[in-house]
Structure formats: C-alpha cells, structure tokens
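Summary of the model geometry
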Amino acid sequence: MAKSSARPADEIEETVNRYADTLYRICLTQLRNPADAEDAVQTVFLKLLQKRPAFESEAHEKAWLIRVAVNACRDVQRQKTRHPETALDETLPAEAQAFGSPVLEALGQVPEPFRIVLTLHYIEGYSVAEIAPIIGKTKSAVKMRLQKGRRLLEEIYRRENME
C-alpha cells in the first residue's frame with residue numbers, strides 16, 4: 001500500500017491554530033480590509049493543503065506561511081487594481097470601519113514595501129536577518145526599508161494627529 005502524503009487533520013488544525021492570528025495581522029496591515037485579510041489567510045492555508053511541503057523546522061514553516069501570505073496579499077492588491085470595485089465602506093457601521101489604533105491606521109497608509117518590514121519587525125518581532133529571506137531582499141535592504149518606513153510612519157502619524 002502506498003504511503004499517503006496527506007498531512008493528518010490534527011496537524012493541519014494545529015498549524016491553523018498556531019499561525020492564523022499572526023497571518024491575519026500581517027494580511028490586515030497589508031490590505032487594510034478585514035474581509036480581504038481573511039480571504040488571504042484562507043488562501044495561505046489552502047496552499048498549505050495543496051502543496052503539503054515538508055518543513056525543516058517550525059521556524060521554516062512559519063517563514064513559508066508568511067511568504068505565502070505576503071504573496072497572497074499582493075495578488076489581492078493586483079486583482080483590485082485590475083478590477084476596481086465600488087467602495088461600500090459608507091454602508092458599514094463606524095465600528096466596522098475602524099482599523100485600530102492611530103499608529104496602526106498610519107501604518108496602513110505606509111507604502112507596501114515599507115509596511116511589510118515594519119509589520120514583521122515591530123508587530124511580529126522578526127529580526128532583520130529573519131525578514132530578509134521572507135521578503136527576498138538583503139539585510140541591508142531590510143534595514144533601509146525599516147529606516148525609511150519609520151520616517152514615513154512618523155510623517156503620516158503626525159499629519160493625521162495634527163488635523
């Protein structure tokens with residue numbers, strides 16, 4: 001009898017429980033829309049089920065999931081650019097429109113290349129060396145993005161809170 005490459009249901013459930021919140025936060029900061037973030041996270045776990053990759057360690061698994069999440073967010077953003085939708089935000093209650101704290105709202109306005117490194121470093125606690133392979137850049141590039149991202153975040157935050 002051939003050995004099945006399927007991951008046991010308990011293992012998949014454990015992976016979802018362990019990483020869903022982290023992936024959701026990353027996707028939410030990238031997409032600034034809870035529904036899109038949920039869709040992107042769901043896409044990540046579907047790819048996990050379809051690809052069934054073998055991971056060297058828990059850190060390798062987490063890095064793979066984050067990489068897939070970042071790519072899923074980019075796919076959503078591309079889709080929205082190519083096929084714009086009519087905004088329905090006006091129909092939502094105020095509490096559903098709230099993105100979170102003023103800092104998170106400002107972070108949502110930072111351009112994507114800077115937003116992802118700021119999110120991974122400050123919200124998820126990744127080091128520069130850990131972020132570099134996740135986003136496919138050098139450590140030097142990550143440091144520069146962190147530096148510029150902090151500057152942009154500060155400008156946006158000050159501008160938002162001065163109005």
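What you see as residue numbers is a count from 1 along each chain, following the sequence as written. Confidence filtering applies because this is a predicted model: local features only for residues at pLDDT of at least 70, side-chain atom pairs given and counted only at 80 or more, and all residues used for totals across whole chains, interfaces and linings. Values reported for side chains reflect all heavy atoms of the structure, with hydrogen atoms and water molecules removed beforehand.

1. A closer look at the overall build of the protein
What counts, and what does not: Strands here mean DSSP runs of E at least two residues long; helices mean DSSP runs of H or I at least four residues long; both are numbered from the N terminus. Each residue gets one of three labels from its accessible area relative to the maximum for its type: buried under 20%, exposed over 50%, partly exposed in between, using a 1.4 Å probe on protein chains only. The contact rule is simple, with two residues in contact once any of their heavy atoms fall within 4.5 Å. The method behind every accessible area is Shrake-Rupley, applied with a 1.4 Å probe, and residues are considered shielded solely by the protein chains displayed.
Within the protein, the secondary structure is distributed over 8 helices and 0 strands. Walking the protein from its N terminus toward its C terminus, one meets helices and strands in the order α-α-α-α-α-α-α-α. Out of the 163 residues in the protein, the part that is buried amounts to 34%. For the protein, the share of sequence-separated contacts (at least 6 apart) that also reach a separation of at least 24 residues comes to 63%. Carbon and sulfur atoms form 52% of the exposed surface of the protein, whose accessible area is close to 10,300 Å².

2. With respect to the confidence of the model for the protein
This is how it is decided: pLDDT measures the predictor's confidence residue by residue and takes values from 0 up to 100.
The share of residues in the protein with pLDDT of 70 or more is 84%, and the mean pLDDT across the chain is 83. With pLDDT under 50 throughout, residues 1–5 is counted as low confidence; its partners more than four residues away or in other chains account for 1 contact. Low pLDDT (under 50) marks residues 86–99, which in the prediction has 8 contacts with non-local residues, meaning those over four places away or in another chain.

3. Side note on the packing of helix 7 (residues 128–135) against helix 8 (residues 139–162)
Using the following cut-off: The angle between two axes is taken between their N-to-C directions and runs from 0 to 180 degrees, where each axis is a line fitted to C-alpha atoms and a helix contributes only its stretch in contact. Our angle categories are set so that under 35 degrees counts as roughly parallel, over 145 as roughly antiparallel, 65 to 115 as roughly perpendicular, and the remainder as oblique. Each residue is assigned to one class: nonpolar for Ala, Val, Leu, Ile, Met, Phe, Trp, Tyr, Cys and Pro, charged for Asp, Glu, Lys and Arg, and polar for all the others, Gly among them.
Where helix 7 meets helix 8, the closest approach of the two axes is 8 Å, and the angle between their N-to-C directions is 105°. Taken together, the axes of helix 7 and helix 8 lie roughly perpendicular to each other. Across the interface between the two elements, V128, A129, I131, A132 and I135 from helix 7 touch K139, V142, K143, R145 and L146 from helix 8. Grouping the constituent residues of the contact of helix 7 with helix 8 by class yields 7 nonpolar, no polar and 3 charged.

4. A short note on the environment of L31
Structurally, L31 is set in helix 1 (residues 9–31). Here L31 falls in the buried class, since its relative accessible area comes to 11%. With sequence-adjacent residues up to four places away left out, L31 is seen in contact with D36, A37, A40, C73, V76 and Q77.

5. What about the pattern of salt bridges?
For clarity, the cut-off: By salt bridge we mean one thing: a side-chain nitrogen of Lys or Arg within 4 Å of a carboxyl oxygen of Asp or Glu.
This model, assessed by the stated rule, comprises 7 salt bridges. With its nearest N and O atoms 2.3 Å apart, the salt bridge here joins E14 to R18. Separated by 4 residues within a single helix, E14 and R18 lie in helix 1, roughly one turn from each other. Of the charged contacts, one joins D36 and K80 as a salt bridge, the two residues approaching to 3.1 Å between their closest N and O atoms. Residue D36 is located in helix 2 (residues 34–51), and its partner K80 is located in helix 3 (residues 58–82); the two are separated by 44 residues in the primary sequence. By relative accessible area, which is 13% here, D36 ends up buried. For K80, a relative accessible area of 32% translates into the label partly exposed. Among the charged side chains, a salt-bridge network with shared partners connects E14, R18 and E61.

6. What about helix 7?
All of the buried residues in helix 7 are V128, I131, A132, I134 and I135. The positive-phi residue at the C-terminal boundary of helix 7 is G136, with phi of around 75°.

7. Thoughts on helix 3
Note that an α-helix has 3.6 residues per turn; residues three or four places apart therefore point the same way. Rule in force here: The span one expects for a helix is its residue count, reduced by one, times 1.5 Å.
Relative to the 36 Å expected for 25 residues at 1.5 Å per residue, helix 3 spans 36 Å between its end C-alpha atoms, a close match to the ideal helical length. Residues of helix 3 that are buried: E61, L65, I66, V68, A69, V70, A72, C73 and V76. Packing partners of the buried residues in helix 3 comprise helix 1, helix 2, helix 6 (112–123) and helix 7.

8. Focus on the packing of helix 2 against helix 3
How we decide: A crossing counts as left-handed when the near helix is turned anticlockwise from the far one by less than a right angle, and as right-handed when that turn is clockwise.
Where helix 2 meets helix 3, the axes come as close as 9 Å, and the angle between the chain directions of the two elements is 130°. Our classification of the angle between helix 2 and helix 3 gives oblique. In this structure, the crossing between helix 2 and helix 3 has a hand that is right-handed. For the pair helix 2 and helix 3, the contacting residues are D36, A40, T43, V44, K47, L48 and K51 in the first and W64, L65, V68, A69, A72, C73, V76 and K80 in the second. Among the residues making up the contact of helix 2 with helix 3, the classes are represented as 10 nonpolar, 1 polar and 4 charged.

9. Describing the environment of T81
Its location among the elements puts T81 in helix 3. Take T81: its relative accessible area is 64%, and that puts it in the exposed class.

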